[in-house]
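Residue-level structural notes
Residue-level listing of the chains:
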Amino acid sequence: MKFRRTTTIYGCIAAVVLMLFLFSARAAEEQLQLKGSGASFPYPIYTNWFKDFSRKHGNVKVLYQDKGSGGGIQDFLHGAVDFAASGTPLTAEEIAAIEQGVVLLPLAAEQVALTYNLKGVDGLRLPRDVYPAIFLGEITNWNHPKIAAANPGIELPDMPITVVTRSDPSGTTDILTNHLCAISAAFEKGIGRSRQPRWPGAARFIATPGNQGVATRVKHTPGAIGYVEYSFSKLLALPVARLQNKSGSYVAPGPQASAAALSEVEFPRDRLPVSGAPNLVADIPDPDGESAYPVIGLSWLLLYARQDSAKAAALRKLVIYILSDEAQQQARELGFIPLPQELRQQARETVGFIR
């Protein structure tokens, strides 16, 4: 009798274990994965947003690989991901090559800071004719007369300038070179706007991948200057230069300076081919405002207009969450720039084109 009772108990336990296993397997099968790749600058906030979204929507897992805007664009063009992130929009030729149609949503803003490593030098000022010349390899020493004239009272070292650039195709690079072309005819002719330009081949130019890579190299190289998304300079406690803007003011990156620049954004009135989505691509190569930081750009989420219905529904929910007050506040807390309400509303109105 005791043997039969024990057998029955073990049988019940086995049945429960089997049911739990089948339930877990079914739940795993029903979980939807969204795969993305691209820009490295928003990686910290994207990781935060995607984890929070997955917690709120347990059946959706969002995966993101930060391989640079160029890498994300290539993945998107080859259909290797469900979405991509880029600090530079797709070209007209790239958009035309995607049969499913494209939706481009500006979901973040990027300030490109010029960070430097000069012991004892705080609040460095760089005039508009100086920092393009540094990236052209024409101004090569920190005590150059033009730098000294803009920084009275600061003892600049007699030290060569080491310029740290990105080695990978990058939206951050595209934003910087777009701005440098706008303010320097010599830079536009000599290097031009590009995600991966050919920098001067001088020995004092060093290339390294990713925003994190540039920030780290500058931090460990006395006399270095490099360009990174502003949050990375904050992350490593690196000083950033005050750049002379179009109005003549010297401005450091920050929330107020970015808001002044973003207030000038105007989107075209045309629509994208195939998808019919509004064209939310705009440049801010050289903002006019007296308090505007001069090197700023938008970062886009690249999405297919026509795709699997379940993924389309999940992506629409993801975008709406990113545009929420809660998510934008998280961006502010991590040192990123929240989007103005007007830009967020225009992005919300475009979400319906993902279907």
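For the structure itself, look to the data block above.
All of these numbers come straight from a predicted model, not from anything done at the bench.

Scoring rules and cut-offs
Residues numbered from 1 in each chain as written. Predicted model: local features only at pLDDT ≥ 70, side-chain atom pairs only at ≥ 80, totals over all residues. Heavy atoms only, no water. Helix = DSSP H or I, 4+ residues; strand = E, 2+ residues; numbered from the N terminus. Buried < 20%, exposed > 50% of the residue type's maximum accessible area, 1.4 Å probe, protein only. Contact = heavy atoms within 4.5 Å. Pairing = 2+ DSSP bridges. Phe/Tyr/Trp six-rings, centres within 6.5 Å; stacked < 30°, edge-to-face > 60°.

To continue, consider the environment of D283. Here D283 lies in the loop between helix 11 (255-262) and strand 11 (296-304). A relative accessible area of 42% places D283 in the partly exposed class. As for D283 and S249, which are separated by 34 residues in sequence, their C-alpha atoms are 21 Å apart. Not counting residues up to four positions away in its chain, the partners in contact with D283 are N178 and R193.

The subject of this paragraph is the sheet that holds strand 5 (residues 125-126). Pairing is mixed in the open sheet, where three strands are placed in the order 5-9-10. Two strands bound the open sheet, and with one partner strand each, they are strand 5 and strand 10 (250-251). Looking at chain direction, strand 9 (residues 242-244) and strand 10 are connected through two bridges and run antiparallel. Counted as the bridge partner of Q244 is Y250 from strand 10.

Evaluation of the coordinates by the stated rule reveals 14 aromatic pairs. Look at Y46 and W49: their rings are 5.7 Å apart centre to centre, the planes differ by 40°, and that puts the pair in the tilted class. Here the residue Y46 and the residue W49 both occupy positions in helix 2 (residues 43-56), the gap between them amounting to three residues, near one helical turn. As far as burial versus exposure is concerned, Y46 and W49 are alike and both buried. Ring geometry for F187 versus W199: centroids 6.2 Å apart, planes at 55°, classification tilted. Residue F187 is located in helix 8 (residues 185-190), and its partner W199 is located in the loop between helix 8 and strand 7 (205-208); the two are separated by 12 residues in the primary sequence. Neither F187 nor W199 differs from the other in exposure class; each is buried. An aromatic cluster of three or more residues is present, and its members are Y43, Y46, W49, F50, Y64 and F83.

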